[in-house]
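Tertiary structure, described
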Amino acid sequence: MSVERYPHLKNDDPEVYNLICQQAQMESSTLKMIASESYASFDVIEACGSIFTNKYAEGYPGARYYEGNEYADQLENLAIARGKELFGCEHMNVQPYSGSPANCAVYRALLNVGDKIMGVPVSEGGHLTHGWKVSFSGKDYQQIAYRPNQTTGRLDMDEVREIALRERPKLIWTGMSAYPFKLDYAAFAEIAKEVDAYLVADIAHINSLIIAGVHPDPVPYCDVVTSTAHKMLRGPRAGFIMSKVEDRYHQLYHAESKWNLAQSIDRAVFPMLQGGPHLSQIAGMATAFKYALTDEFKAYGAQIVKNAQALCAELQALGRPIAGGGTETHLLLLDFRHEDFTGKDASQALAKCGIIANFNMVPGDTRSPFKTSGVRLGTAALTSAGMKEDDMKKVAAWIARICSNIEKVDEIAPVIRAEIAEFCKGFVFPGITE
Ligand code: DSN
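Here the structure is a predicted model, which is why all the values come from computation and not from measurement.

**Some remarks on the overall build of the chain**
Within the chain one finds 17 helices and 14 strands. If one aligns the C-alpha atoms of the chain with their principal axes, the spans along those axes are about 65 × 60 × 35 Å. Residues classed as buried in the chain amount to 56% of the 434 residues present. Nonlocal contacts in the chain, meaning residues at least 24 apart in sequence, comprise 71% of its contacts between residues at least 6 apart. Split by element, the accessible area of the chain, about 18,300 Å² in all, is 51% carbon and sulfur. Where the 43 positive side-chain charges of the chain centre and where its 52 negative ones centre are 2 Å apart.

**Description of the site of the ligand**
Near the ligand, the surroundings consist of S36, H127, S177, H205, K231 and R376. Within the contact set of the ligand, an oxygen atom lies 2.7 Å away from a side-chain nitrogen or oxygen of S36. In this structure, an oxygen atom belonging to the ligand sits 2.6 Å away from a side-chain N or O atom of H205. In isolation the ligand exposes 230 Å². Once the protein is present, 67% of that is buried.

**Thoughts on the pairing of strand β5 (residues 116-119)**
Bridge count for β5 against strand β6 (residues 142-145) is four bridges, and the pairing is parallel. Within β6, the position partnered with M118 by the bridge is I144. One ladder, built from two bridges, connects β5 with strand β7 (residues 171-174); its direction is parallel. Within the sheet, the bridge partner assigned to M118 lies in β7 and is I172.

**Describing the pattern of salt bridges**
Counted according to the given criterion, the structure contains 17 salt bridges. For E76, the salt bridge is made with R64, and the minimal N-O distance between the two is 2.8 Å. Residue E76 is located in helix α4 (residues 70-87), and its partner R64 is located in strand β3 (residues 63-64); the two are separated by twelve residues in the primary sequence. Taken as a pair, E76 and R64 share a single burial class, namely buried. Note that E167 is salt-bridged to K116, the shortest N-O span being 2.9 Å. Here the residue E167 occupies a position in helix α7 (residues 157-167), and K116 occupies one in strand β5, the gap between them amounting to 51 residues. What makes E167 partly exposed here is its relative accessible area of 21%. Among the charged side chains, a salt-bridge network with shared partners connects E27, K32 and E37.

**Looking at a negative patch on the surface**
A cluster of acidic residues, D156, D158, E159 and E162, forms a negative patch at the surface. Tracing the backbone shows E162 in helix α7.

**With respect to the environment of C104**
With respect to the secondary-structure elements, C104 resides in helix α5 (residues 99-110). C104 gets classed as buried once you look at its relative accessible area, which sits at 13%. Spatially, the C-alpha atoms of C104 and H130 are 9.4 Å apart, while their sequence positions differ by 26 residues. The contact partners of C104, leaving out residues within four places of it in the chain, are F136 and L273.

**Quick notes on a nonpolar patch on the surface**
Together, Y56, Y65 and Y66 line one region of the surface with nonpolar side chains, adding up to about 380 Å² of accessible area. Relative to the assigned elements, Y65 resides in the loop between β3 and α4.

**A look at the sheet that holds strand β14 (residues 374-378)**
Reading across the sheet, the three strands line up as β11-β14-β13 and stay open at both edges, with antiparallel pairing between neighbours. Strands at the two margins of the open sheet, each flanked by one partner only, are β11 (331-335) and β13 (358-360). On average, adjacent strands in this sheet sit at an angle of 40° to one another, irrespective of strand direction. Pairing of β11 with β14, which is carried by five bridges, proceeds in the antiparallel orientation.

**Here we look at helix α16 (residues 389-403)**
Over its 15 residues, α16 runs 21 Å from end to end, which matches the ideal 21 Å to within 8%, given 1.5 Å per residue. Listing the buried residues of α16 in full gives D391, M392, V395, A396, W398, I399, A400, I402 and C403.

**Quick notes on the side chain of H91**
Topologically, H91 is positioned in strand β4 (residues 91-93). By relative accessible area, which is 15% here, H91 ends up buried. A distance of 2.9 Å separates a polar atom in the side chain of H91 from a polar atom in the side chain of D266. Among residues more than four places away in sequence, those in contact with H91 are K84, I241, M242, S243, K244, V245, A262 and D266.

Rules behind the numbers
- Residues numbered from 1 in each chain as written.
- Predicted model: local features only at pLDDT ≥ 70, side-chain atom pairs only at ≥ 80, totals over all residues.
- Heavy atoms only, no water.
- Helix = DSSP H or I, 4+ residues; strand = E, 2+ residues; numbered from the N terminus.
- Buried < 20%, exposed > 50% of the residue type's maximum accessible area, 1.4 Å probe, protein only.
- Contact = heavy atoms within 4.5 Å.
- Areas by Shrake-Rupley, 256 points an atom, 1.4 Å probe, with all protein chains shown as cover.
- Lys, Arg positive; Asp, Glu negative; His and termini not counted.
- Charge placed at Lys NZ, Arg CZ, Asp CG, Glu CD.
- Near = heavy atom within 4 Å.
- Polar contact = N/O pair within 3.5 Å; in protein donor to acceptor, adjacent residues only side chain to side chain.
- Pairing = 2+ DSSP bridges.
- Salt bridge = Lys/Arg side-chain N within 4 Å of Asp/Glu carboxyl O.
- Patch = residues over 30% accessible without salt bridge, like charges linked within 9 Å, V, L, I, M, F, W, Y side chains within 5 Å.
- Axes fitted to C-alpha atoms, helices over the stretch in contact; angles between N-to-C directions.
- Expected span 1.5 Å × (residues − 1).

Okay, here's the thing in structure tokens:
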């Protein structure tokens, strides 16, 4: 990283400055394959580090509880306008501090404590906030689980329907953290309608694929859509919520309320759950949305999937099984159910060699969530650095070599780490070496 980037910090707080430099060095000399990470641009980083961090702006544009919000109002409205153009939604709230607070706001806006929701357990690819037992969402609400088929790794929509008809949840979550296939929002919408449930898509993992048109679009089918702005959208660490304006179940569930759906969401974010919005993050979100509206970004979204499929095909050719047999998204799951070593062993060995990923359960896993039989690999970050299908073949070769030599990893790690560092010199890492 160029030392000119943070001259004040370098001078005034060399300890923090040095940690930033070391992180930058690591992120530009290793392969970042955590499926929920990517590289924010310098535009996003500069916007997030701007003086908007100073400003309090509790409320919404035009209705704040503090004075001096002329530019804050323009900024928030700009982020909303760009976001609405990007996703074609009726309403957008850009204030959630991140994805989990955004999902929390959906519960508070639509449900009563104790209500039933349908979601995929974390152990099977779902998110903490979709009703997992240790999260507020599993403590305050009752999760009715649905899950990918243990053999095919895919959701069976007939089974989802059967569960919904039996349990009659008030809300159905769709969207996962470790599911490599496309989601059928039209089928989810039919099921939700049959049981009078709100349908909420969490697109944190796949927003850019939707923008690129390589994954179905949930916006026409869902009451609410939530997302993070980081991950493959390459924005700041923040969340946003999109919704219809009118609540189709107003009479059924909220007859006493004077708010429509959009107003209920807004009121759940502020003042129910949050105080002042993080305007510096909203500035980063506005600039990330601007870039996401470009054709270059759409090409990036499509390339992420091409890269994941190339990586998957090469790993399979090298004899490495992939859960579900393939991918239609940005991620794939190495399947080690037949191996003596665990997913955790493999992810630690990969990290020693310079491939940063995470251990993960796979469908049909019999190991504990603390060990697992899988490793989740994502291609969004590598694609942000400009890697293409041929590069994925090289990445697959390193992964296969490491997985075939887990017990000798300390021997091979320095060699592979050096090869990967040399390989990385051929790419430009946004926000670091751009
Ligand atoms: N669930 C985390 C992940 O996918 O890594 C992010 O929320």
